[in-house]
Amino acid sequence: MKIKTARVIVTCPGRNFVTLKIETDEGVYGIGDATLNGREKAVASYLEDHVAPILIGRDARRIEDIWQFLYRGAYWRRGPVTMTAISAVDTALWDIKAKAAGMPLYQLLGGASRDRVLVYGHANGADIEATVDEVGRYMSLGYKAIRAQSGIPGVKGAYGVARGKMYYEPADAAAPTETVWDTTAYLNFAPKLFERLREAHGPVIELLHDIHHRLTPIEAARLGKAFEPFRLFWMEDPTPAENQEAFRLIRQHTVTPIALGEVFNSIHDCRTLLEEQLIDYIRATVAHAGGITQLRRIADLAGLYHVRTGCHGATDLSPVTMGAALHFDLWVPNFGIQEYMMHTEETDAVFPHAYSFDDGYLHPGEAPGHGVDIDEKRAAKHPYDPKQLPVARLTDGSMWNW
Ligand SMILES: O=C(O)C(=O)C[C@H](O)[C@H](O)CO
Ligand SMILES: [Mg+2]
């Protein structure tokens with residue numbers, strides 16, 4: 001089975017997506033998500049100019065060999081652009097192999113380890129009471145786990161708060177929107193949000209929170225301790241993770257579970273974190289961490305240290321990633337939870353898919369492959385629209401972490 005074509009499709013049904021479509025000489029094709037929010041064209045060019053030409057004629061069945069060929073052959077290993085490109089190729093090849101075998105991808109990986117995939121939704125509001133109400137609405141939709149993010153008095157553009165009831169879309173302008181961050185205001189505010197959420201919704205609902213890289217390790221330790229009476233399912237990205245050892249400090253002070261890794265693109269980004277059990281959930285994804293092939297390696301290493309998966313699933317990861325991730329989630333033995341930010345109807349029309357939501361869980365469906373396709377005619381109607389992610393500055397104007 002030879003690779004005949006490898007095409008990059010850029011589309012913007014409300015937000016930008018980059019998709020790789022690999023067609024074989026046996027008529028079977030597969031697709032992979034190559035979207036890197038705010039840097040989409042870099043990956044599109046990496047694929048079109050440097051990868052697609054050297055894929056043509058290769059055996060589509062040799063997934064591992066092609067992974068190694070692209071990873072080692074790049075010489076300049078790792079990084080979000082390289083690994084998103086490799087992820088897209090890998091995902092497309094797994095899609096092809098499962099279709100050729102006439103089975104859903106999860107069966108090819110080893111079959112189902114569970115009946116359905118627990119997901120968490122995103123509730124947010126302009127203030128505490130609006131967020132409490134939104135969590136209640138998500139509970140009424142059947143969600144068993146809900147991320148809560150709120151506007152913070154005195155903080156312009158607090159992370160995770162949608163403008164109006166629209167889907168939360170942070171990449172909102174061609175040049176980065178400047179937001180302001182005030183750690184003291186946040187540290188005083190966040191515990192009050194979860195105290196109120198527990199008071200309003202009780203002790204059972206799983207509550208998650210994304211700190212989004214905003215704190216120093218000792219501040220994260222303080223907040224983790226303050227969260228303990230409210231039993232969070234996890235606090236996410238408490239501090240930037242280039243320095244994996246920094247999490248030893250947080251771990252010493254709090255039992256609030258930690259989730260990390262949506263920005264990781266290699267097993268080396270999380271090796272110390274996993275081997276020293278410095279985190280509880282690894283958020284690496286199919287789209288950015290080397291596809292199914294490397295994500296399996298990361299999950300297997302994590303499993304040795306009681307760390308569970310919690311794959312990233314924001315709306316800037318296309319339905320292709322959601323579909324492939326759900327097959328992975330159904331199979332992986334040390335599954336934790338899957339993030340699920342619903343895409344818009346406009347996006348779903350471009351990416352018809354087999355996965356479905358029911359009562360707080362998703363299932364990937366039984367279609368051969370990962371069960372997601374791209375409607376090229378519809379995709380062509382939505383031209384690329386340059387957008388960048390925001391930046392954050394402290395109140396004194398210093399650049400900070402968005
Ligand atoms: O979904 C999450 O947990 C995020 O942190 C969303 C990110 O801000 C988003 O994917 C960046 O493009
Ligand atoms: Mg996050």
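Computed from a predicted model, the values in this text were never measured in an experiment. (Residues numbered from 1 in each chain as written. Chains lettered and ligands numbered in written order. Predicted model: local features only at pLDDT ≥ 70, side-chain atom pairs only at ≥ 80, totals over all residues. Heavy atoms only, no water.)

## A few points about the coordination of the magnesium ion (ligand 2)
Taken together, the protein donors to the magnesium ion (ligand 2) comprise Asp210 (OD), Glu236 (OE) and Glu262 (OE), at separations of 2.0 to 2.2 Å. Mapping the donors of the magnesium ion (ligand 2) onto the primary sequence yields the spacing D-x25-E-x25-E. Of this pair, Asp210 sits in strand 7 (residues 206-210) while Glu236 sits in strand 8 (residues 234-236), and the two are 26 residues apart along the sequence. With a relative accessible area of 2%, Asp210 lands in the buried category. (Donors = N, O, S within 2.8 Å, 3.2 Å for Na, K, Ca; no water. Helix = DSSP H or I, 4+ residues; strand = E, 2+ residues; numbered from the N terminus. Buried < 20%, exposed > 50% of the residue type's maximum accessible area, 1.4 Å probe, protein only.)

## What about the packing of helix 5 (residues 128-140) against helix 6 (residues 183-201)?
Each pair of packed helices can be described by the angle between their axes along with the distance between the axes. Running from amino to carboxyl end, helix 5 crosses helix 6 at an angle of 45°, the nearest separation of the two axes being 10 Å. The angle between helix 5 and helix 6 places the two elements in the oblique class. Crossing hand, helix 5 versus helix 6: right-handed. Within the contact between the two elements, helix 5 uses Ile128, Glu129, Thr131, Val132, Val135, Gly136 and Met139 and helix 6 uses Phe189, Lys192, Leu193, Arg196, Leu197, Ala200 and His201. Of the residues belonging to the contact of helix 5 with helix 6, the class tally is eight nonpolar, three polar and three charged. (Axes fitted to C-alpha atoms, helices over the stretch in contact; angles between N-to-C directions. Parallel < 35°, antiparallel > 145°, perpendicular 65-115°, else oblique. Left-handed = near helix turned anticlockwise from the far one by under 90°. Contact = heavy atoms within 4.5 Å. Nonpolar A, V, L, I, M, F, W, Y, C, P; charged D, E, K, R; others polar.)

## Thoughts on the pattern of salt bridges
Inspection of the entire model under this criterion finds 24 salt bridges. For Arg393, the salt bridge identified is with Glu178, shortest N-O distance 2.7 Å. With Arg393 in strand 15 (residues 391-394) and Glu178 in strand 6 (residues 178-181), the pair connects residues that are 215 residues apart, well separated along the chain. Two residues, Arg231 and Glu206, come together in a salt bridge whose shortest N-O distance is 3.0 Å. One end of the pair, Arg231, is in the loop between helix 7 (217-227) and strand 8; the other, Glu206, is in strand 7, and 25 residues separate them in sequence. Owing to a relative accessible area of 21%, Glu206 belongs among the partly exposed residues under this scheme. If you follow the salt bridges from partner to partner, you end up with Arg7, Lys21, Glu23 and Glu376 in one network. (Salt bridge = Lys/Arg side-chain N within 4 Å of Asp/Glu carboxyl O.)

## Observations concerning helix 7
Those residues of helix 7 not exposed but buried are Ala220, Ala221, Leu223, Gly224 and Phe227. Close packing links the buried residues of helix 7 with helix 6, strand 7, strand 8 and helix 8 (247-253).

## Brief notes about the sheet that holds strand 1 (residues 3-11)
Taken together, three strands build an open sheet; the order of strands is 1-2-3 and the sheet is antiparallel. Single-partner strands in this sheet number two, and they are strand 1 and strand 3 (29-33). Taking the axes of each pair of neighbouring strands and ignoring which way they run, one obtains an average angle of 20° across the sheet. Bridge analysis of strand 1 against strand 2 (residues 17-24) gives eight bridges, and the strand direction is antiparallel. Considered in strand 2, the bridge of Thr11 is made with Phe17. Contacting strand 1 and strand 2, helix 1 (residues 40-55) crosses the sheet at an angle of about 170° to strand 1. (Pairing = 2+ DSSP bridges.)

## Observations concerning unusual backbone geometry
For residues other than glycine, phi is negative in most cases, and the peptide bonds are mostly trans. Here His212, not a glycine, exhibits a phi torsion of approximately 60°, which is positive. Unusually for a residue other than glycine, Asp359 sits at a positive phi of about 55°. Along the chain, the position of Asp359 falls in the loop between strand 13 (356-358) and strand 14 (361-363). When its relative accessible area of 37% is taken as the criterion, Asp359 is described as partly exposed.

## Some details on the domain arrangement of the protein
Each domain of the protein was delimited in the assignment, giving domain 1 (3-104) and domain 2 (109-367). Taken residue by residue, the interface counts 28 residues in domain 1 and 36 residues in domain 2. For the pair domain 1 and domain 2, the summed buried surface comes to about 2300 Å²; carbon and sulfur atoms form 56% of the total. Considering only the surface of domain 1 that becomes buried against domain 2, Asp33, Trp94 and Pro104 emerge as the three largest contributors, covering 23% of it. (Domains from an automatic or database assignment. Buried area = accessible area lost by both parts, 1.4 Å probe.)

## Some remarks on the site of ligand 1
Within the structure, ligand 1 sits among 15 residues, and Asn37, His212, Glu236, Glu262 and Glu339 are positioned closest to it. The side chain of Glu262 places a nitrogen or oxygen atom 2.7 Å from an oxygen atom of ligand 1. Relative to its unbound accessible surface of 330 Å², ligand 1 loses 94% to contact with the protein. (Near = heavy atom within 4 Å. Polar contact = N/O pair within 3.5 Å; in protein donor to acceptor, adjacent residues only side chain to side chain. Areas by Shrake-Rupley, 256 points an atom, 1.4 Å probe, with all protein chains shown as cover.)

## Topic: helix 1
The sharpest bend along helix 1 comes to roughly 35°, located at Glu48. Listed in full, the buried residues belonging to helix 1 are Glu40, Val43, Ala44, Tyr46, Leu47, Val51, Ala52 and Leu55. Along its buried surface, helix 1 packs onto strand 1, strand 2, helix 2 (63-73) and helix 3 (80-101). Directly beyond the C-terminal end of helix 1, a positive phi value near 90° is found at Gly57. (Bend = angle between axes of the 7 residues up to and from the residue.)

## Comments concerning the packing of aromatic side chains
Any two aromatic rings considered together are summarised by their centre-to-centre distance and by the angle between their planes. The tally for this structure, following the rule as stated, stands at 14 aromatic pairs. On the numbers, 5.2 Å between centres and 70° between planes, the contact of Phe194 with Phe227 is edge-to-face. On the criterion of sequence distance, the pair formed by Phe194 in helix 6 and Phe227 in helix 7 is long-range, its members being 33 residues apart. Judged by relative accessible area, Phe227 falls into the buried class, the value being 0%. In textbook terms, an aromatic cluster arises when at least three aromatic residues are bridged by ring pairs, as seen for Tyr120, Phe233, Trp234 and Tyr281. (Phe/Tyr/Trp six-rings, centres within 6.5 Å; stacked < 30°, edge-to-face > 60°.)

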